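Per-entry structural report
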Amino acid sequence: MIPDEVPNLVAGEERPPAGGAWLEKLRPADGTSLCRIARSGAADAETAVAAAREAQPAWAAQTPVDRGNLVREIAELLRDRRDEASELVAAETGKTLELARGEVDAAVEMGFFVAGEGRRSYGRTTTASMPHRTVLTLRRPVGVAALLISFNTPLPNIAWKTFPSIFCGNGSVLKPSEHTPLSAWWFGRLCHECGLPPGVLNVVHGLGPEVGMPLVEDPRVDLVSFTGSSATGRTIAEATGRRLAKTVMELGGKNALVVCDDADLGRAVEWTVASAFSNAGQRCAAASRIVVFDAVYEEFRRLLVEAVDRLDPIGPVISEASLERVLAAVTAARAAGATVLRGGERVGENGWHLAPTVVEGATPGAPLSREELFGPVAALYRVPGLAEAITLTNDSAYGLTAAIHTASVHRAMLFAEQVAAGVVVVNAGTHGSEPHMGFGGVGQSGTGWREAGVEALDVYSETQYVNLVVDPGLA
Ligand code: NAD
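The model shown is predicted, which means the values in this text are computed figures rather than measured ones.

Turning our eyes to something else, we now look at the pairing of strand S8 (residues 144–148). Of all five residues making up S8, five are buried, and the element is well covered by its neighbours. Alternating residues of S8 divide into Val 144, Ala 146 and Leu 148 and Ala 145 and Leu 147, and every residue in both groups is buried. Here S8 runs beside strand S9 (residues 171–175); their pairing, made up of five bridges, is parallel. Of the residues in S9, the one forming a bridge with Leu 148 is Lys 175. Pairing of S8 with strand S11 (residues 223–227), which is carried by four bridges, proceeds in the parallel orientation. Its bridge partner being in S11, Leu 147 is matched across the sheet by Ser 225.

In total, this model carries four cavities of 30 Å³ or more according to the counting rule given. Along the walls of the largest cavity sit 15 residues, with Gly 281, Ala 286, Ser 288, Phe 374 and Gly 375 positioned nearest its centre. Across the lining of the largest cavity, the residue classes tally to seven nonpolar, five polar and three charged. Taken as a whole, the second largest cavity encloses approximately 70 Å³ of empty space. Each residue belonging to the lining of the second largest cavity can be placed in one class, and the counts come to seven nonpolar, six polar and two charged.

Okay, helix H3 (residues 82–93) next. In an α-helix, one turn spans 3.6 residues; hence positions three or four apart end up facing the same way. Taking 1.5 Å as the rise per residue, H3 with twelve residues should run 16 Å; its terminal C-alpha atoms sit 16 Å apart, in good agreement. Those residues of H3 that sit buried are Ala 85, Ser 86, Leu 88, Val 89, Ala 90, Ala 91, Glu 92 and Thr 93. Residues of H3 that are buried sit in contact with strand S4 (22–26), strand S5 (33–38), helix H2 (64–80), helix H4 (97–116), helix H5 (154–167) and helix H6 (181–193). Gly 94, located one to two residues past H3, shows a positive phi value of around 85 degrees.

Scoring rules and cut-offs
- Residues numbered from 1 in each chain as written.
- Predicted model: local features only at pLDDT ≥ 70, side-chain atom pairs only at ≥ 80, totals over all residues.
- Heavy atoms only, no water.
- Buried < 20%, exposed > 50% of the residue type's maximum accessible area, 1.4 Å probe, protein only.
- Helix = DSSP H or I, 4+ residues; strand = E, 2+ residues; numbered from the N terminus.
- Pairing = 2+ DSSP bridges.
- 1 Å grid on protein atoms, 1.4 Å probe; cavity = no way out; pocket = protein on both sides within 12 Å on 5 of 7 lines; lining within 4 Å.
- Points joined across faces, edges and corners; volume = space filled by probe spheres on them.
- Nonpolar A, V, L, I, M, F, W, Y, C, P; charged D, E, K, R; others polar.
- Expected span 1.5 Å × (residues − 1).
- Contact = heavy atoms within 4.5 Å.

See the structure below:
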C-alpha cells in the first residue's frame, strides 16, 4: 500500500518531479525509511498552477449543488476507506491508529458539512436606495488557490482546505508538509476515483522554500491559504503582500488553560493532560501554559504529576529536528532556573520520542513561556486570582485558544469576554472547532480569517454585489 516513491499529481496524472530529485521520508516511530517523496521545484509548481488554471472555469461552471455532491462522494469514500487512510497517517506521523482513525472521521465530517453548503450557500437580497432596483450578493470562486499545510493532523488539515476550495469552484494546488506526503498523495487519488475533473486538485510535494514559495509567488495564484508556523506565515505573507494576493493564515498558539480554586481538579487535570500531550503536543491548540490559582496550586501539581506518571506512551514528534528543538528549549529553561517536574528527556533510542514534560518556575518572559514549542511540554504558573490569570493568558503574542476550569458562570463569562483568543473553552480542553464552527485566532495566531464553518466560504469564494434594474424603463 505504501509506494516506494510519492509522485506529484498534476492535471490528473501522477508525475515525477521535473528535476528528478527525491527526498527520503523517515518513520517518526523508529527512524527507519518509509518512502521517497518528490523533491519538487519551481517547474513543478508552474505546471500545477497551469493545470489548476485550465481546469477551473469548467469546474466553476458546474452548479454548487453538483460540486457539493462530489465533495460528499469523496467524503463517503474516505469514510469507507477509513482503515487504509489511518494506516498511512499512522505510518507517516507515528501516532496511534486510534488517533489516526479519529482524524479520518474529522476529515469526513468536514466533507459532509461542506457538501451540504451546495444547497445552503446563501447570499443576501436587500433593499436598494433607488426605486425599481434589487440588490443582492452572489458567491464567486476566487480562482486558483494554493493550499499549504502543516503535518500535525494531515487529513483534517487537507480536508479543511481542499473541501471548501473545491466546493467553491476553485482550481487548487495542495502543498502538503514534507513530513506527511502519503495522506495527501492518497487523498488526491481518492478525489480522482470519485470523478473530480483532472486539474481541479493538484498536489505537489517537497520543501517549502523550493516548491511552496514558487506557488506563493505565482501571479496566477489568486488565493494563498496557509496553515503552519507564524514564522513561515510571515515569510509567505510578505511575498503575497508584494503582489496583493488574498492571503489566509492559520498559525501557531501558546494556549493557556486556567484552573480556578473552585474547579473540579480531577477533571482539570484530565483535560490538562489531554490538551498538553495528545498528539505529542503537536497541536496548534495544545495547552502549553497551565495557569493555576495559588489556593489549589500544590494539590493540582500533585495530581498532574501523578496523571503524567500513569500516561501511556504519547507517540513521537515528527522529526529529529523537532525533538532537538524541544529538548533545547527545556534545557534552556532549566538553566534559567525553572524546575523540570517530569520528562525533559528523550525516550528510547529509535524514533523521536519525548517524555511528557511538566515544568514549573519559568518566568512569564522566558522563551519557554513565550515561544510555541509544538511538543509535549506544559509549563505551570501560579496566580492569586482571576484578574491575574486573565492578564497572564493575554500576555502572549498568540491568541488561538484558551480554556478555564471553574464552577462559576460569572468567572467563565468574564474570562470569555476578556481573553484575546479565537476559541474559548469552559471546563474542557483547549481544542479546535467543530466542522460547522469557524476556527482561527487573533494576534500572531492568524490574520483574522476563520476556517471551517460557513466562514470558510468567505475564504474560498468572493462575494459579488449585484445591482439589478428591475425595469430599465422606470429606472
Ligand atoms: P511550517 O511553518 O514549518 O510548515 C508549514 C508548511 O509550510 C509546510 O508545508 C512547509 O513545507 C511549508 N513551508 C515552509 N517554509 C516555507 C516557505 N518558505 N515558503 C512556502 N512554504 C513553506 O509548520 P509545521 O512545522 O508544518 O507546522 C507546525 C505549525 O503549524 C505550528 O506553529 C502550529 O501551531 C501550526 N498549525 C496551526 C493550525 C491552525 O489552524 N492555526 C493548525 C495546525 C498547525
